[in-house]
Amino acid sequence: MRRLVHDLLPPEVCSLLNPAAIYANNEISLRDVEVYGFDYDYTLAQYSDTLHPEIFNAARDILVEHYKYPEGIRKYEYNPTFAIRGLHYDIQKSLLMKIDAFHYVQLGTAYRGLQPVPDEEVIELYGGTQHIPLYQMSGFYGKGPSIKQFMDIFSLPEMALLSCVVDHFLGHGLEFDQAHLYKDVTDAIRDVHVKGLMYQWIERDMEKYILRGDETFAVLSRLVAHGKQLFLITNSPFSFVDKGMRHMVGPDWRQLFDVVIVQADKPSFFTDRRKPFRKLDEKGSLHWDRITRLEKGKIYRQGNLFDFLRLTEWRGPRVLYFGDHLYSDLADLMLRHGWRTGAIIPELEREIRIINTEQYMHSLTWQQALTGLLERMQTYQDAESRQVLAAWMKERQELRCVTKALFNAQFGSIFRTFHNPTYFSRRLVRFSDLYMASLSCLLNYRVDFTFYPRRTPLQHEAPLWMDQLCTGCMKTPFLSDMAHIR
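The chain carries the name 5'-nucleotidase domain-containing protein 2 in an unreviewed UniProt entry, which gives Bos mutus as its organism. Quoted verbatim from the Sequence similarities (unreviewed entry) field of the UniProt record, the comment on the chain reads "Belongs to the 5'(3')-deoxyribonucleotidase family."

> Help me understand the overall build of the chain in this model?
For the chain, the count of helices and strands is 14 helices and 18 strands. Taken over 486 residues, the chain has a buried fraction of 49%. Within the chain, contacts between residues at least 6 apart in sequence are counted, and of these 74% link residues at least 24 apart.

> Sorry, what's going on with the sheet that holds strand β9 (residues 147-149) here?
Strand pairs in the sheet, formed through backbone hydrogen bonds, run parallel or antiparallel to each other. Taken in spatial order, the five strands make up an open sheet running β8-β7-β6-β5-β9, and their pairing is antiparallel. The open sheet has two free edges, formed respectively by β8 (115-116) and β9, since each of these has just one partner strand.

> Looking at this structure, I do not really get the UniProt feature "binding site: Mg(2+)" (unreviewed entry) in the chain. What am I missing?
With numbering aligned to this structure, UniProt lists the feature "binding site: Mg(2+)" (unreviewed entry) at Asp39 and Asp324. Their sequence span is 286 residues, while the largest C-alpha to C-alpha distance among them is just 7.7 Å; these annotated residues converge on one region. For aspartate 39, the location among the structural elements is in the loop between β3 (35-38) and β4 (46-47). A residue is classified by how much of its surface remains accessible, and aspartate 39, at 6% relative accessible area, is buried. Discounting chain neighbours no more than four positions away, the residues touching aspartate 39 are Leu44, Leu232, Ile233, Thr234, Lys266, Tyr321, Phe322, Gly323, Asp324 and Asp329. As for its position among the elements, aspartate 324 is in the loop between β15 (319-323) and α11 (326-337). Owing to a relative accessible area of 5%, aspartate 324 belongs among the buried residues under this scheme. Sequence-distant contacts of aspartate 324, defined by excluding residues within four places in its chain, comprise Asp39, Asp41, Tyr42, Thr43, Arg85, Asp152, Ile153, Asp329 and Ile344.

> Hey, could you run me through the pairing of strand β14 (residues 299-302) in this one?
Within a regular strand, the side chains alternate between the two sheet faces. Sheet topology note: the strand β12 (residues 259-262)/β14 ladder contains two bridges and is parallel. Residue isoleucine 261 lies in a different strand from β14, and its bridge partner there is tyrosine 300. In this sheet, β14 lies alongside strand β13 (residues 277-280) in antiparallel orientation, the contact comprising four bridges. Across the sheet, arginine 278 pairs through a bridge with arginine 301, a residue of β14.

> I tried to follow the nonpolar core on my own but got confused; where do I start?
One recurring pattern in soluble globular proteins: nonpolar side chains tend to sit buried together. Core analysis: the biggest nonpolar cluster contains 126 residues, and Phe38, Tyr40, Tyr47, Phe231, Met245, Phe257 and Phe308 have the highest contact counts within it. If one sorts the elements of this core by residue count, helix α4 (residues 155-171) sits on top with nine residues. Beyond its immediate chain neighbours, meaning those up to four positions away, phenylalanine 308 contacts Phe231, Val259, Ile261, Phe269, Phe277, Leu294, Glu313, Trp314 and Trp339.

> In this structure, what is going on with the packing of α4 against helix α5 (residues 178-194)? I would like to understand it.
Helix-helix packing: each pair is described by the crossing angle between the helix axes and the interaxial distance. At a closest axis distance of 10 Å, the pairing of α4 and α5 adopts a crossing angle of 140°. In terms of axis orientation, α4 runs oblique to α5. The handedness of the crossing between α4 and α5 is right-handed. Together, Pro157, Glu158, Leu161, Leu162, Val165, Val166 and Phe169 of α4 and Leu181, Tyr182, Val185, Thr186 and Ile189 of α5 make up the contact between the two elements. A breakdown of the residues in the contact of α4 with α5 according to their chemical character gives 10 nonpolar, one polar and one charged.

> What exactly am I supposed to notice about the pattern of salt bridges here?
Where charged atoms from two side chains of opposite charge approach closely, those side chains can pair. Following the criterion strictly, the structure yields 27 salt bridges and no others. With a shortest N-O distance of 2.8 Å, arginine 85 and glutamate 347 are connected by a salt bridge. Pair noted here: arginine 85 is in the loop between α2 (51-65) and β5 (88-90) and glutamate 347 is in helix α12 (residues 347-379), with a separation of 262 residues, a long-range link. Given a relative accessible area of 2%, arginine 85 falls into the buried group.

> How do you make sense of helix α10 (residues 305-312) when you look at a structure like this?
Every α-helical turn comprises 3.6 residues, leaving residues that sit three or four positions apart pointing alike. Listing the buried residues of α10 in full gives Leu305, Phe308, Leu309 and Thr312. Along α10, the residues classed as buried sweep out an arc of 95° about the axis, all on the same side. On its buried face, α10 sits against β11 (229-233), β12, β13 and α11. Near the N-terminus of α10, the side chain that reaches the backbone nitrogen of phenylalanine 306, with its oxygen 3.1 Å away, is that of asparagine 304. Looking one or two residues past α10, glutamate 313 carries a phi angle of roughly 60°, positive in sign.

> What should I look at first to understand the side chain of glutamate 158 in this one?
Within the secondary structure layout, glutamate 158 lies in helix α4. We note that glutamate 158 is buried and unpaired, the nearest opposite charge coming from lysine 148 at a distance of 4.3 Å.

> Could you clarify how one ought to interpret the packing of aromatic side chains in this entry?
Two descriptors summarise a pair of aromatic rings, namely the distance from one centre to the other and the angle between the planes of the rings. A complete count under the given rule lists 31 aromatic pairs for this structure. Seen from their ring centres, tyrosine 42 and phenylalanine 154 are 5.1 Å apart, and the 70° between their planes marks the pair as edge-to-face. One end of the pair, tyrosine 42, is in the loop between β3 and β4; the other, phenylalanine 154, is in the loop between β9 and α4, and 112 residues separate them in sequence. With relative accessibility at 3%, the residue tyrosine 42 sits in the buried group. Ring plane angle 55° and centroid distance 5.2 Å describe the contact between tyrosine 111 and phenylalanine 411, whose orientation is recorded as tilted.

> Would you mind going over the UniProt feature "binding site: GMP" (unreviewed entry) in the chain with me for this structure?
Per the UniProt annotation, the sites labelled "binding site: GMP" (unreviewed entry) are Asp41. If near-sequence neighbours (up to four positions away) are discounted, aspartate 41 is found in contact with Tyr47, Phe154, Thr234, Ser236, Phe240 and Asp324.

> What is the right way to look at helix α6 (residues 197-204) in this model?
Residues of α6 that are buried include every one of Met198, Tyr199, Trp201 and Ile202, and no others. Around the axis of α6, the buried residues are gathered within 160° of arc, so they sit on the same side. Those residues of α6 that are buried are in contact with β4, α2, α5, α7 (206-209), β10 (210-211) and α9 (238-248).

Conventions used here
- Residues numbered from 1 in each chain as written.
- Predicted model: local features only at pLDDT ≥ 70, side-chain atom pairs only at ≥ 80, totals over all residues.
- Heavy atoms only, no water.
- UniProt positions renumbered as here; feature names shortened; annotations may be inferred.
- Helix = DSSP H or I, 4+ residues; strand = E, 2+ residues; numbered from the N terminus.
- Buried < 20%, exposed > 50% of the residue type's maximum accessible area, 1.4 Å probe, protein only.
- Contact = heavy atoms within 4.5 Å.
- Pairing = 2+ DSSP bridges.
- Core = buried A, V, L, I, M, F, W, Y, C linked by side-chain atoms within 4.5 Å.
- Axes fitted to C-alpha atoms, helices over the stretch in contact; angles between N-to-C directions.
- Parallel < 35°, antiparallel > 145°, perpendicular 65-115°, else oblique.
- Left-handed = near helix turned anticlockwise from the far one by under 90°.
- Nonpolar A, V, L, I, M, F, W, Y, C, P; charged D, E, K, R; others polar.
- Salt bridge = Lys/Arg side-chain N within 4 Å of Asp/Glu carboxyl O.
- Arc of directions from axis to C-beta.
- Polar contact = N/O pair within 3.5 Å; in protein donor to acceptor, adjacent residues only side chain to side chain.
- Lys, Arg positive; Asp, Glu negative; His and termini not counted.
- Phe/Tyr/Trp six-rings, centres within 6.5 Å; stacked < 30°, edge-to-face > 60°.

Structure below.
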């Protein structure tokens, strides 16, 4: 289908939406932004997808060797096309699924292990409905009492491993506690990061794993040249960040930043006032002196946002911070401290190219189908019209399934269900002023550019159905039937 669509597209259609554009959820003028802040992983440093199989394999082996899981789990390999970001996992039901902005499970996107769960079973599991009550959903940081939302890009191998382990246990009839299995997989993935395995792989071959380093250098240099102040707040250790930034920017990379903070322990960095800043020397050793100011060219560890604001006086909308994790990087900054925020969504580039394809397909099919339907309905009786409409809706549903598969065969787009935005999209709109595929998109705009969100009409502002048009011919049809109520 992808090859067919590619052959159908005329060259000019590829400009329908620009994958290198910046998209605005809220009006923001870069002229007013004086200070730019950045996360490191998947913001300043974009990583190749070849990193995900390494994480998957290492965590899988940790499960077998340290948690004594069955040897048969080693047969599973990482499938990069299985999961998408933003999915929810019901721990007690072992269900991985996509949920829309109104907390409804998108039917056809629920998986237990590697097998799809029939729609009827999903509805039965949730008491005869697709809706999941709010109290069961993820909390502010994507962690609820029974449902976890996978929000960052590093969670892709975690979802894949979780599904493979469940698949093995179910396939071999092994009894297991869902909560224990979930925690073990999560801890194994965490161990890959805590033990520094991922850092070692990247440091050994930066050309293989780090992408767009020259573009990162161009963005930072351009901002500094225009008098902007820069800072870095990351959870990664200094030695890892230092080697990556030397690779992308050069040995003097710290001279571009006014403040550099490593091992910040986000998101608690934004809410916990107790942890003080500590200075690191060139070898990464901690100093014991009290921090009374944050100096350019120095490295600081941990700390908290409240001391950061007090020492820098960088407050409110003159600060724009970029990160890839909607909860850990952006939510607190926007809601509690008034900073402007930018979300880095690498998947956006591929999704936009598919959207361009989808729009072209729909412009050919739906206009023709709807025109023919309206013509036939004008001549048919009511019952026949309903049959025609039902047939058309069935055809439309089939095409939706094809469209879903263009994004991801199991779960579709990370931004949209069939009818509504996804829960991920809802959070993206709520916690980011801007979003883009990579930091390099800033190079396409002036440093004083103003971004305006698309004005989306409210439901009562733009008629969609015939009953919403003021034609003068529609009265209250059931007024006479209600006369007895008075």
